[in-house]
Amino acid sequence: MKAEGGGLVQAVGDTISRATELVQLEFRLAKVELTEKATLLGSGLALVLSGAVLLTAALFLLLQAAVIGLVEADVSPLAATLIVAAIVIAIGAALILSGRKQLSPETLVPDRTLNDLKRDGAVVKEKLS
């Protein structure tokens, strides 16, 4: 009987050892994968930033072309610049105000979830009473 008990202990020990090795292997794999994903994230952010810089430059050129177009339509250079600037300011302000409204704490509160939780709490309370 001792031999059987020793074999069982050995089997359990081997199983625990293999499970530990498996968990360590999974952690190493996860670390490698996270490193790969972080590298991918970094290169993706660099591409997005580069694109944003180029789009900003293109927007500046388009605005400059609008000023030139107004000047060619016999508007003074100062007035043409002020007209384009005023339009861009109005559009930018509208976008900022709209974005701020969407980012307000009242808008970001998960109303439906909170209402569901309150309702579920009331149901549980009713069942327990």
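Quick notes on the rules
Residues numbered from 1 in each chain as written. Predicted model: local features only at pLDDT ≥ 70, side-chain atom pairs only at ≥ 80, totals over all residues. Heavy atoms only, no water. Helix = DSSP H or I, 4+ residues; strand = E, 2+ residues; numbered from the N terminus. Rg over C-alpha atoms; globule rule 2.2 N^0.38 Å. Buried < 20%, exposed > 50% of the residue type's maximum accessible area, 1.4 Å probe, protein only. Lys, Arg positive; Asp, Glu negative; His and termini not counted. Charge placed at Lys NZ, Arg CZ, Asp CG, Glu CD. Patch = residues over 30% accessible without salt bridge, like charges linked within 9 Å, V, L, I, M, F, W, Y side chains within 5 Å. Areas by Shrake-Rupley, 256 points an atom, 1.4 Å probe, with all protein chains shown as cover. Salt bridge = Lys/Arg side-chain N within 4 Å of Asp/Glu carboxyl O. Contact = heavy atoms within 4.5 Å. Polar contact = N/O pair within 3.5 Å; in protein donor to acceptor, adjacent residues only side chain to side chain. pLDDT = per-residue confidence, 0-100.

Novice: It is not clear to me how the overall build of the protein should be interpreted in this structure. Could you clarify?
Specialist: When you go through the protein residue by residue, the secondary structure sums to four helices and zero strands. Taking 14 Å as the expected radius of gyration for a compact globule of 129 residues, we find that the protein reaches 32 Å, considerably beyond that expectation. Seen along its three principal axes, the alpha-carbon backbone of the protein occupies a region of about 110 × 50 × 15 Å. Within the protein, the proportion of its 129 residues that are buried is 3%. The protein carries 12 positive and 13 negative side-chain charges, and their two centres are separated by 8 Å.

Novice: I would appreciate a short explanation of a nonpolar patch on the surface in the present structure.
Specialist: Taken together, the side chains of Ile83, Ile87, Ile91 and Leu95 make up a nonpolar region of the molecular surface, amounting to roughly 390 Å² of accessible area. For Ile83, the location among the structural elements is in helix α2 (residues 77-102).

Novice: I would appreciate a short explanation of the environment of Leu70 in the present structure.
Specialist: By secondary structure assignment, the location of Leu70 is in helix α1 (residues 2-72). Once the C-alpha coordinates of Leu70 and Asn115 are considered, the two residues, 45 residues apart in sequence, prove to be 55 Å apart. Other than its neighbours up to four places away in sequence, Leu70 contacts Val75, Ala80, Ile83 and Val84.

Novice: What am I meant to see in the side chain of Ser104 here?
Specialist: Mapped onto the secondary structure, Ser104 falls in the loop between α2 and α3 (105-108). A distance of 3.1 Å separates a polar atom in the side chain of Ser104 from the backbone oxygen of Lys101.

Novice: Looking at this structure, I do not really get the confidence of the model for the protein. What am I missing?
Specialist: For any part of a model where pLDDT is low, the fine detail of the predicted coordinates should not be relied upon. Considering every residue of the protein, the mean pLDDT works out to 87; 95% of them sit at 70 or more. Taken element by element, the protein is modelled with least confidence in helix α4 (residues 111-128), mean pLDDT 78, and with most confidence in α2, mean pLDDT 95.

Novice: Mind showing me how you'd approach the environment of Ala11 here?
Specialist: On the secondary structure map, Ala11 appears in helix α1. Expressed as a C-alpha distance, the spacing of Ala11 and Thr39, which sit 28 residues apart in the sequence, is 42 Å.

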